[in-house]
Protein chains: 2
Amino acid sequence: MIKKKISIKDIARLTNTSITTVSFVLNGKGRISKEISKKILDVAQKNGYEPNRMAIGLRTGVSKVIGLIVETIGGPFFGAMAKVIEEEAEKAGYGVIYCSTNNNIQKGKDVIKMLSQQLVDGYIITPMKGLEKEIQNLVANEKPVVLIDGYFPGIDIPHVLVDNYGSSYNAIEFLIKSGYKNIGFVTADLELVQLNDRMQGYKDALKAGGIKEDKKKIFKLPFDAEREEAVNAIKTFISQQNQMDAIFFTTNYLGIMGLQSINELKLNIPGELAVISFDDNEIFNLYPPGITTVRQPTYEIAKSAIDMLLSQMTAEKYNIAKIKLQIPATLIERGSTTTLVTK
Amino acid sequence: MIKKKISIKDIARLTNTSITTVSFVLNGKGRISKEISKKILDVAQKNGYEPNRMAIGLRTGVSKVIGLIVETIGGPFFGAMAKVIEEEAEKAGYGVIYCSTNNNIQKGKDVIKMLSQQLVDGYIITPMKGLEKEIQNLVANEKPVVLIDGYFPGIDIPHVLVDNYGSSYNAIEFLIKSGYKNIGFVTADLELVQLNDRMQGYKDALKAGGIKEDKKKIFKLPFDAEREEAVNAIKTFISQQNQMDAIFFTTNYLGIMGLQSINELKLNIPGELAVISFDDNEIFNLYPPGITTVRQPTYEIAKSAIDMLLSQMTAEKYNIAKIKLQIPATLIERGSTTTLVTK
DNA sequence: TTGAAAGCGCTAACAG
DNA sequence: CTGTTAGCGCTTTCAA
């Protein structure tokens, strides 16, 4: 039962009409008589007609597809986003295709190139340093773009992300209020605004709390470190501190490796070391005694991003209202940061 | 600096040649003189020429894109797969686009429909009951398809997945050899061959170990249960057993909720209850005392799947050599299943 | 070695 | 209300 794909022309032939008529009926344009309409619809239905997106795309210049370029496919953060973006896009008649950059600039460029070959109408992109030019090109070509999870300082492209500065600030402030005074900071050695903002929040919160910043308490893990290597590096970092009583991890990923490090060092949480990690995760909920986290508003971010994109795509005029959208995070308090009574 | 997309025709005009010539040069077909070639290449380069995939697709009937339809985007299992599939596909000149079904039949149908509208040349699909017809249709239309993570019993479509039966059998056998005798089994209430195969492995291993199967030790969690509801159900199940000494979870997802249940019941692992879960996961490595798991060979599965697909796509003739590929899993032994000396 | 021209499936102005 | 027709950008046959 090989159903050769049937075309609009075939339907026209089968129904003794013209392709225009068929096209109109199928698209509900022009006014075609009831009976002819019905005949055409019947034949189309019976033969399982499906429009050829390529042809439509070529003709109209729109593909009705949105490209979602993320750092890693997989991973709960983008997984959750993907779901809501997909749903919203579908409501508006758009499909979504994903591509991942794996934090590799070249891969990022390749992916943008591939998608820009008329495959997608709009983009949601996790930006990374090195892609500025490509992304600006997209915008210059009047392609709708929304950045998520990051942005390019000084470049006006619509973006939506968590309030990295504020939520880090709050997390550190919370630690200080709970009685912790020697707070370590572990981040990745990547040039990402998100991470810089988180660091600034940390520094400012310390200052506001009257604590002197100590460079030795800040550790930047090389991005390309192997798992084991990374864990060892974190262990070394922790061991070198003499009286660190709390530690803040700037990402999910780092937090998990941090837990392993702390575990291997046999340090008690929070007795010997309090812990907070950015990005909530199942593991932080489960791992005893529960790890306090900064939970990103994934739903809101995704929803805002797709909304901004869709409005860009449908608006007749350029009307980029909110260029910057920073959404606050929630601090999820768990057992890893109990208030210090000894003090 | 709006660069209007330049076409092959523009290049022809700019170089005083014909579109044929340009096309030939750009594709390295026909023999065009060195100088004209150079001129064309230069102009194309300078103007940032990019072929229009839609046009090529329309003309040639191939899109050079592979569709990957999975249950959930996000989640470590598919995340890892996606990465290797992407890499291999790229080597062969294919792009990859993802779509998720979220275990929803209608969504699955919609996604297949969307992709089948000439958007992709081949499919890698996580099958689910209810999609048999759509997928058979694809095959009937001579579209290359490879199923992963599952298959349709009785329907001959190439597929590759872990040896669900064998690896469950081994896991249970391992428990028995370690001295456990009352082994519970928690699975999801979904009609998936994977799960059925895992259950059969459990039953057969019990029988082989001389242990009588006990229906009351098998629990099927309703698929649509909310998180909390699910945890409670598992807690109830565990509490009702009088002397269960080990428990096997058939998925990652269940295993994690199982841990939470066990945690809330304050049962000691493995002292009061040994634990094994299907699908390895970071959390199982970290959660004390380490949870023994059946690790799926994600790399091999993904690699085989994309290889099978690519060979289907490039082969002149239908030459589906290995229709069924079942790859063994690895049992990762951790602290949750120490050998019982008391006994 | 190069060019003219047909046509992939579809939309949409323009005619009737 | 319905049909004719001209492309969208590209590949490819055939002819020059």
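Predicted model only: the values in this text are computed from it and were never measured.

A. Examining helix α4 (residues 53–60) of chain A more closely. Taken residue by residue, α4(A) has Arg53(A), Met54(A) and Gly57(A) as its buried positions. With its buried residues spanning 100 degrees around the axis, α4(A) presents them on a single face. Of the surrounding secondary structure, the elements contacted by the buried residues of α4(A) are β1 (65–70) of chain A together with α4 (53–60) of chain B. Sitting at the amino-terminal end of α4(A) is Asn52(A), which places a side-chain oxygen 2.8 Å from the backbone nitrogen of Met54(A). Of the residues one or two after α4(A), Gly61(A) is the one with positive phi, at around 80 degrees.

B. Inspection of the protein's contact with DNA strand D at higher detail. Taken together, 27 residues form the shell around DNA strand D, and within it Thr20(A), Thr21(A), Arg59(A), Tyr49(B) and Arg59(B) come nearest. Taking the atoms of DNA strand D that fall within 4 Å of the protein, sugar and phosphate contribute 56% of them. Here a phosphate oxygen of DNA strand D sits 2.5 Å away from a polar atom, N or O, in the side chain of Thr21(A). Tyr49(B) places a polar side-chain atom, nitrogen or oxygen, 2.4 Å from a phosphate oxygen of DNA strand D. Elements with a contribution of two residues or more to the surface near DNA strand D: α2 (19–27) and α4 of chain A together with α1 (8–15), α2 (19–27) and α4 of chain B. Take the surface near DNA strand D: its biggest share by element is five residues, from α2(B). For the surface near DNA strand D, a count of residues per class yields eleven nonpolar, eleven polar and five charged.

C. Quick peek at the UniProt feature "domain: HTH lacI-type" (unreviewed entry) in chain A. According to UniProt, the "domain: HTH lacI-type" (unreviewed entry) feature falls on residues 6–60 of chain A. As annotated, residues 6–60 of chain A has a helix share of 69% and a strand share of 0%, and its two end C-alpha atoms lie 20 Å apart.

D. Focus on the interface of chain A and chain B. Facing the 52 residues of chain A at the interface are 52 residues of chain B. Between chain A and chain B, the buried area comes to about 4900 Å², and carbon and sulfur atoms account for 59% of it. There are four salt bridges connecting chain A and chain B. Across the pair Lys107(A) and Glu86(B) runs a salt bridge whose closest N-O atoms are separated by 2.6 Å. Seen at the junction of chain A and chain B, the total is six residue pairs in polar contact (both at pLDDT 80 or more). Those elements that place two or more of their residues in the side of chain A that touches chain B are α4, α5 (76–91), β2 (95–100), α6 (105–116), α7 (132–140), α11 (252–264) and α12 (282–286) of chain A. Considering only residue class, the side of chain A that touches chain B consists of 21 nonpolar, 17 polar and 14 charged.

E. The arrangement of the relation of the copies chain A and chain B in detail. Structural alignment of chain A on chain B gives an RMSD of 0.1 Å, achieved by rotating through 180 degrees and translating 0.1 Å along the axis. Expressed as an axis order, the relation between the two copies is that of a two-fold axis. A shared binding surface is used by both copies, with 100% of the interface residues of chain A retained as interface residues in chain B.

F. Broad picture of the packing of aromatic side chains. Using the criterion set out here, one finds eleven aromatic pairs over all chains in the structure. Three or more aromatic residues joined by ring pairs make a cluster, and in this case those are Phe185(A), Tyr202(A) and Phe248(A). Across from the ring centre of Phe278(B), 3.7 Å away, lies the NZ or CZ of Arg198(B), which sits over that ring.

G. Just the protein's contact with DNA strand C, in detail. Around DNA strand C lies a shell of 26 residues, among which Tyr49(A), Arg59(A), Thr21(B), Ser33(B) and Arg59(B) are the nearest. Among the atoms of DNA strand C lying within 4 Å of the protein, the sugar-phosphate backbone contributes 60%. Within the backbone of Ile8(A), a nitrogen or oxygen atom sits 2.6 Å from a phosphate oxygen of DNA strand C. Within the contact set of DNA strand C, a phosphate oxygen lies 3.3 Å away from a side-chain nitrogen or oxygen of Asn27(A). Mapped onto the surface near DNA strand C, the elements with two or more residues apiece are α1 (8–15), α2 and α4 of chain A together with α2 and α4 of chain B. Residues that form the surface near DNA strand C fall into these classes: ten nonpolar, eleven polar and five charged.

H. Here's a closer look at the sheet that holds strand β4 (residues 145–148) of chain B. All names here are of chain B. The parallel open sheet is built from six strands, whose spatial order is β2-β1-β3-β4-β5-β11. Strands at the two margins of the open sheet, each flanked by one partner only, are β2 (95–100) and β11 (324–327). Neighbouring strand axes in the sheet, compared pairwise and without regard to direction, differ in orientation by 15 degrees on average. Both strand β1 (residues 65–70) and β2 contribute to a ladder of six bridges, which runs parallel. Residue pairing in the sheet places Gly 67 in a bridge with Ile 97 of β2.

The rules behind each value
- Residues numbered from 1 in each chain as written.
- Chains lettered and ligands numbered in written order.
- Predicted model: local features only at pLDDT ≥ 70, side-chain atom pairs only at ≥ 80, totals over all residues.
- Heavy atoms only, no water.
- Buried < 20%, exposed > 50% of the residue type's maximum accessible area, 1.4 Å probe, protein only.
- Helix = DSSP H or I, 4+ residues; strand = E, 2+ residues; numbered from the N terminus.
- Arc of directions from axis to C-beta.
- Contact = heavy atoms within 4.5 Å.
- Polar contact = N/O pair within 3.5 Å; in protein donor to acceptor, adjacent residues only side chain to side chain.
- Near = heavy atom within 4 Å.
- Nonpolar A, V, L, I, M, F, W, Y, C, P; charged D, E, K, R; others polar.
- UniProt positions renumbered as here; feature names shortened; annotations may be inferred.
- Buried area = accessible area lost by both parts, 1.4 Å probe.
- Salt bridge = Lys/Arg side-chain N within 4 Å of Asp/Glu carboxyl O.
- Least-squares fit on C-alpha atoms with pLDDT ≥ 70 in both.
- Phe/Tyr/Trp six-rings, centres within 6.5 Å; stacked < 30°, edge-to-face > 60°.
- Lys NZ or Arg CZ within 6 Å of the ring centre and 35° of its normal.
- Pairing = 2+ DSSP bridges.
- Axes fitted to C-alpha atoms, helices over the stretch in contact; angles between N-to-C directions.

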